[in-house]
Amino acid sequence: MANFDPSARTVLEPLSNIDLSSYSGTSLRSLAISSISDSQSLIYVGTFSGSVLLFSATTTAAAPKDAPPALDSEASRKNVSFLRSISLGDSPLETMLVLPEIGKVLVLCDGSLFLVDTLLSHSVKKLSFAKGVCAIAKSIRSSELESTSLLGISVNTLESSSASQRILQKFGGGIRANGVKTKEPLQWSEGNNVFAVVIGKRLVLVELVFGSNRLGKTDRDVDSSSGSFVILKEIHCIDGVKTIAWLNDSIIVGTINGYSLFSCVTGQSGVIFSLPDISSRPQLKLLMKEKKVLMLVDNVGIVVNEHGQPVGGSLVFRISPHSVGELSPYVVLVRNGKMELYNKRSGSCIQTLTFGGEGVGPCIVANEEGGIGKLVAVASPTKVICYCKVSSEEQIKDLLRKKNFKEAISLVEELEYEGEMSNEMLSFVHAQVGFLLLFDLHFEEAVNHFLQSETMQPSEVFPFIMRDPNRWSLLVPRNRYWGLHPPPAPLEDVVDDGLLAIQRAIFLRKAGVDTAVDDDFVLNPPTRSNLLESAIKNIIRYLEVSREKELTLSVQEGVDTLLMYLYRALNRVDDMERLASSENSCIVEELETLLDDSGHLRTLAFLYASKGMSSKALAIWRILARNYSSGLWEDPVVETDLQDGSKNIISGREIAAIEASKILEESSDQDLVLQHLGWIADINPILAVEILTSDKRVNQLLPDAVIAAIDPRKVEILQSYLQWLIEDQDSIDTQFHTLYALSLAKSAIETFEVQSVSKSPDDERLEEAKFSDFSQKSIFQSPVRERLQIFLLSSDLYDPEEVLDLIEGSELWLEKAILYRKLGQETLVLQILALKLEDSEAAEQYCAEIGRPDAYMQLLDMYLDPQNGKEPMFKAAVRLLHNHGESLDPLQVLETLFPDMPLQLASDTILRMLRARLHHHRQGQIVHNLSRAIDVDARLARLEERSRHVQINDESLCDSCHARLGTKLFAMYPDDTIVCYKVVSVVARSGED
């Protein structure tokens, strides 16, 4: 496909590439295009082998949504397809003339003329005409209002005369029809198919007629579907004609020697000019739009009228073309695989396209009839490329992108000249009038027209507010009002220029010279300040309305930013605050200096925050908080009513902290968050915690950095953050768990010490006073020891030894028990639970968790022998035996019982122990026998009162009732002799009680 020159205007764009080798074995000789509808054209390819190939090209146009109504803009879908072919012989097809009004194609092949239908669907008709034709051209009239007979008599005169009178007016030689002289002159109009045919040195004027249109014939004489030539006139011509064109009454022919003009009326001829000895092949191109003829002399194109006189100057081309075409308002030239478009009026080269390399051979260009279509075909011997004309709107846009405003204005003038501008321009007229009024200093009326224009963009007023170049210079459309008003300029310049014009008008009026300046301004000149204020107010009015429209982001940014400029210019502080606090698209970089210099830091902070410039916004809020607290600025206290009827007073520094926290809660900039955490924590630690634990940010902060940045004095903030990491973020980092435990332990120790020395240790406000410095609010609802105990029990990831080292010397015994339990120090845990805390239930529960009988035995030892001068805990021991006796070894229990243990407690113990040892089906019998044993023991006790010195030997069980008790026990438990022996020994030792 084509390679485009980026420096040229894009008028044509490729449509399709046809490789002729797929359809014909020979190369191309001629080319023609015919438009059958707005979206479809037929392409005829004549080959050297005598065949005609027919292709169909389709372009479906759709105007884009933003196309100005004055332009025929289109976005095309293109398609080219092969239809059919037909053969006319073996000789090259020199020329093909499409006759769309009759649905025929006239073909010149091997000196003969053939007639085929436009769709090649019928057979070929060879016209019975003299052979040896070398050139043929159709007659073109410049006006449909008048036609001329070949005798120089107007049609109106001929129509008013009789046939005999017209014959009498003839002078010399008659007119022949098919070689036979006729008896009446012939005339034709542009609608007739009249041709000039060159045969050797004869120039024959003929008419192609069908059926009854044929002179002297009726429908019955000639088949209406076939055509025949009727010879109208013969003129002596010159030899060697290479090209021919017929315009009105003049026929211009070209030979290798030059160009000549023949009158079809008088037959007279004359030389227009001669060609140099060495020159390119002569070429003529009839320009249908202008009804002129383009004659080529090497690389120069000379436009002449019907009389052969040059008009409009010459066109100098870069190349000497092989072929010339027309695409209004351009001339199309091709040579050596390159196509160039030249503007007819200016002669400048508009576009250059390459469709083949050097040495591709002769090239041909063809355009649709009339030269006003949108399709152009160029061909090398083996390839045909179709190009479609780009819409006028797109051409203008292209010029604007390239900053070629002069060429854009020229193009608009061409469109007006060509009649391609739309009449639906109401919106554009409103905008145009508005600009004219604006430059005439009628600002209110100008904006009224702007608001009535549905197509005007707000960006068109940007140059009146800010000087170019600026951020929005490229957004300003400049393709609608060329040449109608001065270029946009800042309002100050518009006012100054307008005042100068008024001064000149006043001077000219005094000199008697009338001017276009408003009489009111001349009689009562306005002041600069009043004009400038009126201009700004009305532009503000337009921009405020424009904010409600659907605009592109870049245009909306310009509207809001420049609106803030205008508010500031009039010192409308309330409007500035309203715009800044509402949803806006201001560009902060354009406003920060303005607002900073004017002291509107609050507005600037909101703008920074809305644009994600968190660092600058936070810096301002920090300054505001510091100045409010120091009294440098008046504190804007805010009061709100609560549901209980009280008032909630929020100071200015709190408001600053709240606004800053809103930014930090969404920020993932760790350095920024930690930088401003301190001063917010000083004002409100709850806000600091909300910042650190916010789930609004995309990426969470690094815990190590956060922990390092928290003020060590802000213990509750650290604890809250660690609690959030562990509980909400499911952190399994042992470092965080240990740090949290240590922090809680330290706080618990301090709280315990404070409560110990306080007169009111139960005062719940002590902890708040200790750890919160924000009014009387505390971050936590539960006491620190409760939180510590819950964490120590729930977490397995902290270092218990490190925590234990911290609280070792404190009175946090329950916490110690939890830690020893983590370390597996069962004895220490039982000692703390049983002896320090005296929590029998917790101790027994811990034994159950251990799950070994020796744990209960160990606990029993602790109860019976607490050491450190503490009395035995018999009740706790009995409770243990009562609840878990079945888990104890009876022998060990009996060995553990102290000699001074009360008999009743011992008997209960033994009873429970024996019950645990008995099988379920003998349990009743065991209870009965033990009861009898207890009775015997009672009698022994009374006996011992009378004989205190009686000694019972462990090796003798045959004396008194002890012998009987032993006998009973051995009988009951023959397999447990050791237990029976111990029971009797215990009873004997207990006899002293």
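As a starting point, this report considers the structure included with it. (Residues numbered from 1 in each chain as written. Predicted model: local features only at pLDDT ≥ 70, side-chain atom pairs only at ≥ 80, totals over all residues. Heavy atoms only, no water.)

1. Focus on the side chain of Ser 323
Right, on to step 1. Within the fold, Ser 323 resides in strand 25 (residues 323–327).
Right, on to step 2. Given a relative accessible area of 10%, Ser 323 falls into the buried group.
Right, on to step 3. At 3.2 Å, the side chain of Ser 323 forms a polar contact with the backbone nitrogen of Val 365.
Right, on to step 4. Ignoring sequence-local partners within four residues, the contact set of Ser 323 consists of Gln 283, Val 332, Leu 333, Val 334, Cys 363, Ile 364 and Val 365. (Helix = DSSP H or I, 4+ residues; strand = E, 2+ residues; numbered from the N terminus. Buried < 20%, exposed > 50% of the residue type's maximum accessible area, 1.4 Å probe, protein only. Polar contact = N/O pair within 3.5 Å; in protein donor to acceptor, adjacent residues only side chain to side chain. Contact = heavy atoms within 4.5 Å.)

2. Brief notes about the packing of aromatic side chains
Right, on to step 1. Here the structure, examined in full by the defined rule, presents 13 aromatic pairs.
Right, on to step 2. Ring centres of Tyr 23 and Phe 82 lie 4.7 Å apart, and the angle between their planes is 25°; on these two criteria the pair is classed as stacked. Taken together, the residues span a long stretch of sequence, with Tyr 23 in the loop between strand 2 (12–19) and strand 3 (28–35) and Phe 82 in strand 6 (residues 77–87) at a distance of 59 residues.
Right, on to step 3. By relative accessible area, which is 38% here, Tyr 23 ends up partly exposed.
Right, on to step 4. Phe 82 gets classed as partly exposed once you look at its relative accessible area, which sits at 32%.
Right, on to step 5. Joined through ring pairs, the aromatic side chains of Tyr 23, Phe 55 and Phe 82 make up one cluster.
Right, on to step 6. Positioned above the aromatic ring of Phe 780 is the side chain of Arg 787, whose terminal nitrogen or guanidinium carbon lies 3.8 Å from the ring centre.
Right, on to step 7. One residue, Lys 816, lies across the ring of Trp 813, its end atom 3.9 Å from the ring centre. (Phe/Tyr/Trp six-rings, centres within 6.5 Å; stacked < 30°, edge-to-face > 60°. Lys NZ or Arg CZ within 6 Å of the ring centre and 35° of its normal.)

3. Considering unusual backbone geometry
Right, on to step 1. The omega torsion across Ser 328 and Pro 329 is 5°, close enough to zero to call that bond cis.
Right, on to step 2. By the element assignment, Pro 329 lies in the loop between strand 25 and strand 26 (330–335).
Right, on to step 3. Cis peptide bonds are those with omega within 30 degrees of zero, and the linkage from Asp 468 to Pro 469 qualifies with -5°.
Right, on to step 4. One non-glycine residue, Asn 248, lies in the positive phi region at around 55°.
Right, on to step 5. Secondary-structure assignment places Asn 248 in the loop between strand 17 (243–247) and strand 18 (250–254).
Right, on to step 6. Despite not being glycine, Gln 867 has its phi angle at roughly 65°, a positive value.

4. Examining helix 17 (residues 685–692)
Right, on to step 1. Of all eight residues that make up helix 17, six are buried, and the element is covered over most of its length.
Right, on to step 2. All of the buried residues in helix 17 are Pro 685, Leu 687, Ala 688, Val 689, Ile 691 and Leu 692.
Right, on to step 3. The secondary structure elements touched by the buried residues of helix 17 are helix 15 (652–666), helix 16 (670–683), helix 18 (703–709) and helix 19 (715–728).
Right, on to step 4. The N-terminus of helix 17 is capped by Asn 684, whose side-chain oxygen sits 2.9 Å from the backbone nitrogen of Ile 686.

5. A look at the sheet that holds strand 10 (residues 125–126)
Right, on to step 1. Pairing in this open sheet of four strands is antiparallel, and the strands run 7-8-9-10 from one edge to the other. Edge positions in the sheet fall to strand 7 (93–99) and strand 10, since each of these pairs with one other strand and no more.
Right, on to step 2. Bridge count for strand 7 against strand 8 (residues 104–109) is six bridges, and the pairing is antiparallel. Across the sheet, Leu 99 pairs through a bridge with Lys 104, a residue of strand 8. (Pairing = 2+ DSSP bridges.)

Keep in mind that these numbers describe shape and distance, not what the molecule does.
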